[in-house]
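Listed here are the chains, written in short residue letters.
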Amino acid sequence: MEKVSVFPKVATVHQEFPRPRVTSVEEAVSNSFSNLEASLTPWQGKRIAVAAGSRGITGLESIVRATIGALKERGAEPFIVPAMGSHGGATEAGQEKILEGYGISSRRLGVPLVSTLQTQLVGTTPDGVPVHADRAAWESDGIVLVNRIKPHTDFKGETESGLQKMIAVGLGNRDGADSFHSWTMQFPYDHLITTKARVLLDSGKVLLGVAILENAYHETARIELIPAGEIPEREKELLVEAKALMPSLPVSQADVLVLDRIGKDVSGAGMDPNVTGRWFRINSLWQDQPEITRIVVLDLTPASEGNAVGIGLADFCSRRIVDKMDRHKTYINAVTSRNVVAGHIPVYFDTDRETIERCLQSLRSGVEGSNVRLLRIRDTLSLDRLEVSQALLPELHSHPGISDISPLREMNFDAQGRLAELSLENP
């Protein structure tokens, strides 16, 4: 009698999402400045700190370049400051290197880049939380923030990741980041963000924010300039829009989710909990929607440079991601964020094949072979192409976002037990 394979057959599917796009970054930024011209402060001769540094923003160099160009046209003297908290090993050289990787440097953009870990204590929130600002930015004539507004990977609220978080954490360098995370055990994240940001906004030092929205394909969907006084309320509205643009899995429940890779360039959490439904708590994990029983991760992106934070969100992983893991970088990130579970190494095996096989064996009785509800994605940024098991096909045939479904086939492992690369072409 032929032995039934433990692995389900899979099909490649194409998922479509709404796709608003900015066709010209330069034009979008220029128009935004022109539309706000009457309400903006005179720029002539002003030294303006342009704060940038958030990871994974598509076309960040072009957006910062266009912002600098618009400021120069109005007579300002812009310079760049890193606004990334304790990233880059919390060193000046490390932060400059990260910005260089984004295409942001003095050489490329033709303006000074001033990287310093020194901060100014600007004040305290009503709760007694100190608020720090980058010293070079604080000593400028004004600050322009450049950041993407998106759902955060650690919490949910009316204000999540965006301009105010850049003020509260990124612009405070290591002092601000460490202070912020140390207070998250006492106050909700969004409360800390908005109260800390309010202190700097009330100082008058922040002039405006360049808000970026991205679509489900990781493309720039909108660029909008927001005067400092309007940032708190407008950011709430844009967050609602950003959530509507996010990619998502096509089902609300699965037995197994396989991710080919995680990484800091994919998400601050390695894999985005807004996609997986798997969230950090201080010392544990919890599962929201979608409901995923087991998560498997197979590899780490090169751009993560060994920082495998987020590996702890998985139940199983392959040896290759463990071998690429820089424990020091991973653990420092996990400790600084106070989410130490993010650095926990899951159960792992030598090959992809054995890792997935053992994962399948861990499912409840009766869930095996053709009954397994399995999804496979490249990472949580790439959801337009995915593999799904046979058990999911009936509901995907009627899914409005699914446009193509390939014939079923066996999961493809090579002689070394490595899963073949997920096709990103049309099925």
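For the structure, see preceding data.
Residues numbered from 1 in each chain as written. Predicted model: local features only at pLDDT ≥ 70, side-chain atom pairs only at ≥ 80, totals over all residues. Heavy atoms only, no water.

Peer 1: Looking at this structure, how should I read the overall build of the protein chain?
Peer 2: The number of helices and strands found in the protein chain is 14 helices and 17 strands. Computed over its C-alpha atoms, the radius of gyration of the protein chain comes to 23 Å, within 12% of the 22 Å expected for a compact globule of 427 residues. When its C-alpha atoms are laid out on the principal axes, the protein chain stretches across 85 × 40 × 40 Å. Residue burial in the protein chain is summarised as follows: out of 427 residues, 56% are buried. (Helix = DSSP H or I, 4+ residues; strand = E, 2+ residues; numbered from the N terminus. Rg over C-alpha atoms; globule rule 2.2 N^0.38 Å. Buried < 20%, exposed > 50% of the residue type's maximum accessible area, 1.4 Å probe, protein only.)

Peer 1: Would you take a moment to explain the pairing of strand β1 (residues 10-15) for this structure?
Peer 2: It is a general feature of regular strands that their side chains alternate between the two faces of the sheet. Most of β1 is tucked away: 6 of the 6 residues are buried. On β1, burial covers both faces: Val 10, Thr 12 and His 14 on one face and Ala 11, Val 13 and Gln 15 on the other are all buried. Bridge count for β1 against strand β17 (residues 402-405) is 3 bridges, and the pairing is antiparallel. Considered in β17, the bridge of His 14 is made with Asp 404. (Pairing = 2+ DSSP bridges.)

Peer 1: Whenever I open this one, the nonpolar core confuses me. Can you help?
Peer 2: Buried together is how nonpolar side chains tend to be arranged in soluble globular proteins. Within the largest apolar cluster, 41 residues are counted, with the highest numbers of intra-cluster contacts made by Val 297 and Leu 375. Setting aside residues up to four positions removed in sequence, Leu 375 forms contacts with Leu 249, Val 251, Ala 254, Val 256, Leu 257, Val 258, Leu 386, Glu 387, Val 388 and Leu 392. Counting residues in each nonpolar core, the second largest holds 34 residues, with Val 29, Phe 33, Ile 48 and Ile 223 among its members. (Core = buried A, V, L, I, M, F, W, Y, C linked by side-chain atoms within 4.5 Å. Contact = heavy atoms within 4.5 Å.)

Peer 1: Before we go on, may I ask you to explain the packing of aromatic side chains in this structure?
Peer 2: When we look at a pair of aromatic rings, we describe it by the centre distance and by the angle of the planes. Applying the stated criterion across every chain, the model contains 5 aromatic pairs. The interplanar angle of 50° and the centroid separation of 5.1 Å between the aromatic rings of Phe 7 and Phe 413 together place this pair among those described as tilted. With Phe 7 in the segment before β1 and Phe 413 in the segment after β17, the pair connects residues that are 406 residues apart, well separated along the chain. Residue Phe 7 is classed as buried on the basis of its relative accessible area, which comes to 8%. Consider the rings of Phe 17 and Tyr 217, whose centres lie 6.1 Å apart with planes at 70°: the pair is edge-to-face. Separated by 200 residues along the polypeptide, Phe 17 in the loop between β1 and α1 (25-36) and Tyr 217 in the loop between β7 (206-214) and β8 (220-227) bring together distant segments of the chain. The same class applies to Phe 17 and to Tyr 217, which are both buried. In this arrangement the basic side chain of Arg 19 is found over the ring face of Tyr 217, its NZ or CZ atom lying 3.9 Å from the centre. Directly above the aromatic system of Trp 138 lies the positively charged group of Lys 205, at a separation of 5.4 Å from the ring centroid. (Phe/Tyr/Trp six-rings, centres within 6.5 Å; stacked < 30°, edge-to-face > 60°. Lys NZ or Arg CZ within 6 Å of the ring centre and 35° of its normal.)

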